[in-house]
Amino acid sequence: MPELPGGPGALFAIGGAEDKLKKRTVLQEFVEAAGGPKARIVVVPTASALGPDVVDVYRALFAALGAESVVGVRPENREDADDPAFIAPLHDATGIFMTGGNQLKLAGVVTGTAFGRAVTAAHARGAAVGGTSAGASILAEHMIAFGRSGATPRQRMSQLSGGLGLVQGAIVDQHFAQRNRYGRLLSLVAQSPGLLGIGVDEDTAAVVRGTHLEVVGRGAVTIFDGTRIQSNAHNAKRSEPLLASGVILHVLPATATFDLQNRVLLSYGPQPAAAEYAERAAAEADLRKLAKEIAAEGVSPAYYAERKRRAGRRAQRSGESRPEASEPIPAGADPDSPDRTQPEQ
C-alpha cells in the first residue's frame with residue numbers, strides 16, 4: 001500500500017456534466033491531484049445505470065490526461081462492498097473517482113461497508129477522492145438522497161442519508177444552478193443550521209484540502225451559512241414555504257478560496273507580485289494624467305483616438321515614423337470634424 005506525502009488527499013466534489021471534450025479543466029485537476037503521470041485511478045460506477053461504457057469513458061479520459069492506470073470497480077450491493085476482491089484495488093489507488101447516477105443506491109451500497117472504509121482509508125493516506133453528481137454528494141457526512149427542484153425552500157423538500165463523512169459539517173448538492181436546487185439546499189440548512197450548504201454548478205469542482213475549499217471550473221460554488229438563521233422549520237407543516245432569514249450567502253467563482261472552518265472568504269484570483277502592483281499603479285497614473293490632459297483641451301477621447309488612428313495610417317503610407325500619442329491638437333479644433341490638414345484617404 002503506497003504512502004502518499006502530505007497527509008490526507010484532496011477531495012473533488014464535482015457538480016456533474018464536467019467537460020470531457022475540450023479543456024477538461026476539472027478532470028485534469030483531479031488527475032494532477034492523484035499523481036499526474038503516476039496516477040493510479042479507480043473508477044467506481046455503482047451509482048450509474050449505464051453498463052461498462054461509463055468506465056470505458058473515464059478510462060479513456062484519464063489515460064488521455066496522463067494517468068498511469070485506470071481500473072473500474074463496481075460493487076452492486078452491500079455483499080459486494082464487503083468482498084475483499086472489490087476492495088483490493090483501492091489499496092494501491094492514488095485516486096478514487098465515483099460517477100454520477102442514483103444517489104440513494106450509492107449511499108446504500110458504499111456507506112458503512114468495508115468498501116466505504118477503504119475509500120476513507122485511501123483518502124487518509126493521501127489519495128485524491130472525487131465524485132461527480134451523486135459521487136460528489138456522498139463525500140459529505142450527510143448526503144442528499146433525493147429531492148425536488150425549486151427556488152423556494154419548503155418543508156419535506158428533500159431527504160438526507162448518510163455519506164462517507166470526508167467533508168465534515170456540510171451538505172453537498174450538485175447540478176446546482178442548472179437544475180434550480182437553491183430551495184432544497186436552503187431548506188436543509190434551515191432544518192440543520194449547523195451544516196454548511198454547498199451547491200456546486202456543472203463543470204465545476206469544490207476542491208477541499210484540509211479546511212480550505214477552492215473553486216475550479218466554469219461555474220460557481222454557492223455556500224449557505226445558517227449560523228445566524230431564523231427559521232420556522234420546527235413547526236412548518238407538510239410542504240409549506242420555510243422562513244430562512246439571516247442566511248449568509250457566498251457565491252464563489254473559479255480561483256476563490258474559502259475557509260470551511262471559519263466560514264470566510266480567504267482569497268480570490270491570482271495574487272500578483274509586488275513589482276506587478278507597482279507597474280499597475282504607474283499605468284493607472286498615466287491613464288489618469290492622459291484623461292486630465294484631454295479634458296483640459298476640451299477634446300473628446302473619441303476624437304483623440306481617431307486622430308491617433310489617422311496619424312498611424314499616414315505614417316504607414318509615407319514610411320514616416322508614427323507620431324507620438326500626445327501630438328498637440330490645434331487650439332480651436334472642432335472635436336467632431338475631420339482633420340483637413342491632409343487629403344482625404
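These figures come from a predicted structure and were not determined experimentally.

Participant: Mind showing me how you'd approach the environment of Q191 here?
Facilitator: Looking at the element boundaries, Q191 is found in helix α8 (residues 182-191). Distance from Q191 to R156, taken between C-alpha atoms, is 9.9 Å for residues 35 residues apart in sequence. Apart from residues no more than four positions distant in its own chain, Q191 is found in contact with Q155, R156, A233 and L242.

Participant: Would you mind going over the sheet that holds strand β15 (residues 248-253) with me for this structure?
Facilitator: The strands making up a sheet associate through backbone hydrogen bonding, with each pair oriented either parallel or antiparallel. Reading across the sheet, the four strands line up as β8-β9-β12-β15 and stay open at both edges, with mixed pairing between neighbours. Each of the sheet's edge strands pairs with one partner strand only, and the pair in question is β8 (170-174) and β15. The average undirected angle you get between the axes of adjacent strands in this sheet is 15°. In this sheet, strand β12 (residues 220-225) lies alongside strand β9 (residues 196-200) in antiparallel orientation, the contact comprising four bridges. Counted as the bridge partner of G199 is T222 from β12. α8 contacts β8, β9 and β12 of the sheet and is inclined by roughly 170° relative to β8.

Participant: What exactly am I supposed to notice about helix α2 (residues 53-64) here?
Facilitator: Structural remark: α-helix, 3.6 residues per turn; residues separated by three or four positions point the same way. Here α2 is twelve residues long and its end C-alpha atoms lie 16 Å apart, about the 16 Å a rise of 1.5 Å per residue gives. Residues V54, V55, Y58, L61 and F62 constitute the buried set of α2. Along the axis of α2, the buried positions cluster into a sector of 130°, meaning they face one direction only. In α2, the exposed positions angled more than 90 degrees off the buried face are occupied by D53 and A64. On the buried face of α2, the contacting elements are α1 (25-33), β2 (40-44), β3 (69-72), β4 (95-98) and β5 (128-132). G66, located one to two residues past α2, shows a positive phi value of around 105°.

Participant: Please clarify how the environment of V167 should be interpreted in this entry.
Facilitator: Along the polypeptide, V167 turns up in the loop between β7 (158-162) and β8. Between the C-alpha atom of V167 and that of R209, which follows or precedes it by 42 residues, the distance is 9.7 Å.

The rules we used
Residues numbered from 1 in each chain as written. Predicted model: local features only at pLDDT ≥ 70, side-chain atom pairs only at ≥ 80, totals over all residues. Heavy atoms only, no water. Helix = DSSP H or I, 4+ residues; strand = E, 2+ residues; numbered from the N terminus. Contact = heavy atoms within 4.5 Å. Pairing = 2+ DSSP bridges. Axes fitted to C-alpha atoms, helices over the stretch in contact; angles between N-to-C directions. Expected span 1.5 Å × (residues − 1). Buried < 20%, exposed > 50% of the residue type's maximum accessible area, 1.4 Å probe, protein only. Arc of directions from axis to C-beta.

Keep in mind these numbers describe shape, not what the thing actually does.
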